[in-house]
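Reading the structure
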Amino acid sequence: MNYWLFKTEPEECSIDDFAKTPDKAIVWEGVRNYQARNFLRDQVQSGDLVFIYHSSCKDIGIAGVAKVVQNSYPDPSQFNSLSPYFDAKSSGTKAAWVAVDLQFVEKFPQLLSLDKLKESTKLEQLALVKKGNRLSVMPVSPAEWQTILIMAKNQGTT
DNA sequence: GCCAACGTTGGC
DNA sequence: GCCAACGTTGGC
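Residue indices follow the written sequence of each chain, beginning from 1 at its first position. Each chain is given a letter, starting from A, and each ligand a number, starting from 1, according to the order in which they appear as written. Where local features are concerned, this predicted model is filtered to residues with pLDDT of at least 70; where side-chain atom pairs are given and counted, the filter is 80 or more; whole-chain, interface and lining totals use all residues. Remark: hydrogens and water are excluded; side-chain values derive from all non-hydrogen atoms of the structure.

1. Some thoughts on the protein's contact with DNA strand C
This is how the line gets drawn: Whether a residue is near a molecule or strand depends on its heavy atoms: if one lies within 4 Å, it is near. We call two N or O atoms a polar contact when they sit within 3.5 Å, provided that within protein one can donate a hydrogen and the other can accept it, with sequence-adjacent residues counted only if both atoms are side-chain atoms. Nonpolar residues are Ala, Val, Leu, Ile, Met, Phe, Trp, Tyr, Cys and Pro. Charged residues are Asp, Glu, Lys and Arg, and all others, Gly as well, are polar.
The immediate surroundings of DNA strand C are formed by Tyr34, Lys131, Gly132 and Arg134. Counting only atoms of DNA strand C within 4 Å of the protein, the fraction found in sugar and phosphate groups is 59%. Lys131 places a polar side-chain atom, nitrogen or oxygen, 2.9 Å from a phosphate oxygen of DNA strand C. A per-class count over the surface near DNA strand C returns one nonpolar, one polar and two charged.

2. Observations concerning the pattern of salt bridges
If the charged atoms of two oppositely charged side chains come close together, the side chains can form a pair. Filter applied, for reference: Salt bridges, as used here, are contacts in which a Lys or Arg side-chain nitrogen is within 4 Å of a carboxyl oxygen on Asp or Glu. Numbering of helices and strands runs from the N terminus, with a helix taken as a DSSP run of H or I at least four residues long and a strand as a DSSP run of E at least two residues long. For every residue, the accessible area (1.4 Å probe, protein chains only) is compared with the maximum for its type, and the residue is labelled buried under 20%, exposed over 50%, or partly exposed between those bounds.
Evaluation of the coordinates by the stated rule reveals seven salt bridges. Salt-bridge contacts for Lys107 lead to Asp16; the nearest nitrogen and oxygen are separated by 2.7 Å. Note that Lys107 is positioned in strand β5 (residues 98–113) and Asp16 in helix α1 (residues 15–20), a separation of 91 residues in sequence. Of the residues examined, Asp16 reaches a relative accessible area of 36% and is grouped as partly exposed. A salt bridge links Arg32 to Asp75, with the nearest nitrogen and oxygen atoms 3.0 Å apart. Here the residue Arg32 occupies a position in the loop between β2 (26–28) and α2 (34–42), and Asp75 occupies one in the loop between β4 (61–74) and β5, the gap between them amounting to 43 residues.

3. Comments concerning the packing of aromatic side chains
Here is the rule we go by: What counts as a ring pair is set by centres within 6.5 Å for rings of Phe, Tyr and Trp (its six-membered ring), and what kind of pair is set by the plane angle: stacked under 30 degrees, edge-to-face over 60, tilted for all other angles.
Per the stated rule, a full pass over the model turns up seven aromatic pairs. Between Phe18 and Trp28 the ring centres are 6.3 Å apart and the planes differ by 25°, which places this aromatic pair in the stacked class. Of this pair, Phe18 sits in helix α1 while Trp28 sits in strand β2; the two residues are 10 residues apart in sequence, bridging distant segments of the chain. Like Phe18, the residue Trp28 is buried in the burial classification. Ring geometry for Tyr34 against Trp97: centres 5.0 Å apart, planes inclined by 35°, an arrangement best described as tilted. Of this pair, Tyr34 sits in helix α2 while Trp97 sits in the loop between β4 and β5, and the two are 63 residues apart along the sequence. We classify Trp97 as buried; its relative accessible area is 6%. Grouping aromatic residues by their ring pairs yields a cluster made of Tyr3, Phe51, Phe108 and Trp145.

Structure representation (structure tokens):
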């Protein structure tokens with residue numbers, strides 16, 4: 001059982017999309033970075049918990065939690081020539097990229113902003129807050145997970 | 001295998 | 001929309 005943080009652009013797939021269909025799995029596809037792919041393929045497992053992080057938007061930060069409900073499998077979008085994620089180098093026998101399935105767990109009462117995350121001395125090791133970081137799938141330690149959860153709940157009640 | 005050129009990410 | 005930081009590509 002591991003903890004993760006996944007980045008997404010909310011215009012494409014936000015925490016609200018999860019909240020709208022809490023009983024349905026959502027395909028997490030389109031990861032096209034080798035380091036992130038390796039995490040997805042080799043370490044992300046059914047049962048793991050994931051922070052959903054909204055990037056490249058007005059309100060940047062962690063919006064909520066999802067859980068992994070399906071281990072990695074070949075990302076269908078790489079074979080779809082109509083998809084923006086199409087990869088001509090991939091075929092049925094040679095799949096470069098993988099996807100996992102996620103399901104809604106909770107939406108934070110209030111988004112935990114990137115500024116808040118940067119302020120915490122306990123999160124200095126989190127790849128997300130390091131300068132120039134571009135990883136879209138990154139591990140979160142159990143201590144960091146607890147820290148972030150507590151920060152999210154506390155600001156929700158104040 | 002080096003590295004310059006180019007493309008992408010993502011905060012501001 | 002800008003641009004710094006990083007990843008990828010491709011010529012040599």
